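Per-entry structural report
This is what each chain is made of:
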Amino acid sequence: MLLVLITGMPVILLNMLLQSWVSIACIRFYIKRFRHREGVMSGVLGLFGIIIIVLMGNMLQIMLWGLLFLYLGEFSTLREAVYHSGVNFATLGYGDIVMSVKWKLLGPLEAVNGAMMIGLSGASMLAILQHYIRKQFNKI
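Thresholds, definitions, all that
Residues numbered from 1 in each chain as written. Predicted model: local features only at pLDDT ≥ 70, side-chain atom pairs only at ≥ 80, totals over all residues. Heavy atoms only, no water. Helix = DSSP H or I, 4+ residues; strand = E, 2+ residues; numbered from the N terminus. Rg over C-alpha atoms; globule rule 2.2 N^0.38 Å. Buried < 20%, exposed > 50% of the residue type's maximum accessible area, 1.4 Å probe, protein only. Contact = heavy atoms within 4.5 Å. Areas by Shrake-Rupley, 256 points an atom, 1.4 Å probe, with all protein chains shown as cover. Lys, Arg positive; Asp, Glu negative; His and termini not counted. Charge placed at Lys NZ, Arg CZ, Asp CG, Glu CD. Patch = residues over 30% accessible without salt bridge, like charges linked within 9 Å, V, L, I, M, F, W, Y side chains within 5 Å. Salt bridge = Lys/Arg side-chain N within 4 Å of Asp/Glu carboxyl O. Core = buried A, V, L, I, M, F, W, Y, C linked by side-chain atoms within 4.5 Å. Expected span 1.5 Å × (residues − 1). Axes fitted to C-alpha atoms, helices over the stretch in contact; angles between N-to-C directions. Parallel < 35°, antiparallel > 145°, perpendicular 65-115°, else oblique. Left-handed = near helix turned anticlockwise from the far one by under 90°. Nonpolar A, V, L, I, M, F, W, Y, C, P; charged D, E, K, R; others polar. Phe/Tyr/Trp six-rings, centres within 6.5 Å; stacked < 30°, edge-to-face > 60°.

Looking now at the overall build of the chain. When helices and strands are tallied, the chain shows 4 helices and 0 strands. Overall, the chain shows an N-to-C arrangement of helices and strands of α-α-α-α. Compactness check: the chain gives a C-alpha radius of gyration of 18 Å against a globular reference of 14 Å for 140 residues, more than 25% above the reference. When the 140 residues of the chain are sorted by exposure, 38% land in the buried category. Long-range pairs, those at least 24 residues apart, make up 68% of the contacts in the chain between residues at least 6 apart in sequence. Carbon and sulfur atoms form 73% of the exposed surface of the chain, whose accessible area is close to 8400 Å². Positive and negative side-chain charges in the chain, numbering 11 and 5 respectively, have mean positions lying 19 Å apart.

This part takes up a nonpolar patch on the surface. Taken together, the side chains of Met1, Leu2, Leu5, Ile6, Met9, Leu13, Met16 and Leu105 define a hydrophobic patch exposed on the protein surface, amounting to about 800 Å² of accessible area. Secondary-structure assignment places Leu13 in helix H1 (residues 2-34).

Mapped onto the elements, Ser23 comes out in helix H1. Discounting chain neighbours no more than four positions away, the residues touching Ser23 are Leu120 and Ser124.

Membership of the largest hydrophobic core comes to 16 residues, with the highest contact counts inside it found for Trp65, Phe69, Phe75, Met99 and Leu106. Secondary-structure elements contributing two or more residues to this core are H1, helix H2 (40-71), helix H3 (78-89) and helix H4 (106-138). With 4 residues, H2 is the largest single contributor of residues to this core. Apart from the residues within four sequence positions on either side, Trp65 is in contact with Gly8, Val11, Ile12, Asn15, Ser85, Phe89, Leu106, Glu110 and Asn113. Grouped together as the second largest cluster of nonpolar side chains are 10 residues, Phe34, Ile50, Val54 and Tyr132 included.

The end-to-end C-alpha separation of H3 is 16 Å, in line with the 16 Å expected for 12 residues at 1.5 Å each. By the burial criterion, the buried members of H3 are Ala81, His84, Ser85, Gly86, Val87, Asn88 and Phe89. Of the surrounding secondary structure, the elements contacted by the buried residues of H3 are H1, H2 and H4. Phi turns positive one or two residues past the end of H3, at Thr91, with a value near 60 degrees.

Let us look at the packing of H2 against H4. It is the contact of H2 with H4, at a shortest axis distance of 10 Å, that shows an interaxial angle of 165 degrees. By the angle between their axes, H2 is roughly antiparallel relative to H4. Note that H2 runs across H4; the crossing there is right-handed. On the side of H2, the interface is formed by Val40, Gly43, Leu47, Ile50, Ile51, Val54, Asn58, Gln61, Trp65, Leu68 and Phe69, while H4 contributes Leu106, Glu110, Asn113, Met117, Ile118, Ser121, Met125, Ile128, Leu129 and Tyr132. For the contact of H2 with H4, the per-class residue count stands at 15 nonpolar, 5 polar and 1 charged.

What the rule picks out here adds up to 2 aromatic pairs. Considering the side-chain rings of Trp65 and Phe69, the 6.0 Å spacing of their centres and the 45 degrees angle between planes classify their relative orientation as tilted. Residue Trp65 and its partner Phe69 are located together in helix H2, separated by 4 residues, close to a single helical turn. Residues Trp65 and Phe69 agree in their burial class; the two are buried. Taken together, the aromatic side chains of Trp65, Phe69 and Phe75 make up a single cluster linked through ring pairs.

In this section: the side chain of Asn58. With respect to the secondary-structure elements, Asn58 resides in helix H2. If we ignore the near neighbours within four places in the chain, the residues touching Asn58 are Gln19, Phe89, Met117, Ile118 and Ser121.

Written out as C-alpha cells, the structure is:
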C-alpha cells in the first residue's frame, strides 16, 4: 500500500498544481475579456470560455494518470490507459477494465483526486457565474 501512495502522490500533487493554475487562468481569462462587457452573449461566451479551459485542464489530469498507468505496464495502449483513467477520475467505476492487484488501489486514489479536482472546476465556473449574476442585479 505504501508503494501505491508513493507512486500516486506525485501525480496527485501535479494535478493539484495544474488545477490551481487552471482555476487562476479561468478567473484571469474572465476578468481580462468579459468583466466589463455587457449583454447576454458576453455572459454566455465568458462562461463557455471558462468551461473549455476547465475541460482541457481535467483532460490533462486524466492523461497524466493514464501515462502513469501505461508506464507501470498496466495497459498496452495509451488509449486503454486513458479510458481507464477517465472512468476513475470521473468516479464512474465501470469495472470493465481492472488493474493488477499490485496497482489496484491507484484507482480509488485517482477517483478521490478526480472528485476534488472536478469540484474545484465547478467552483471556478460558479465564481464566474456569480460575478455575472451580481453584475446583472447591479444594473436593476
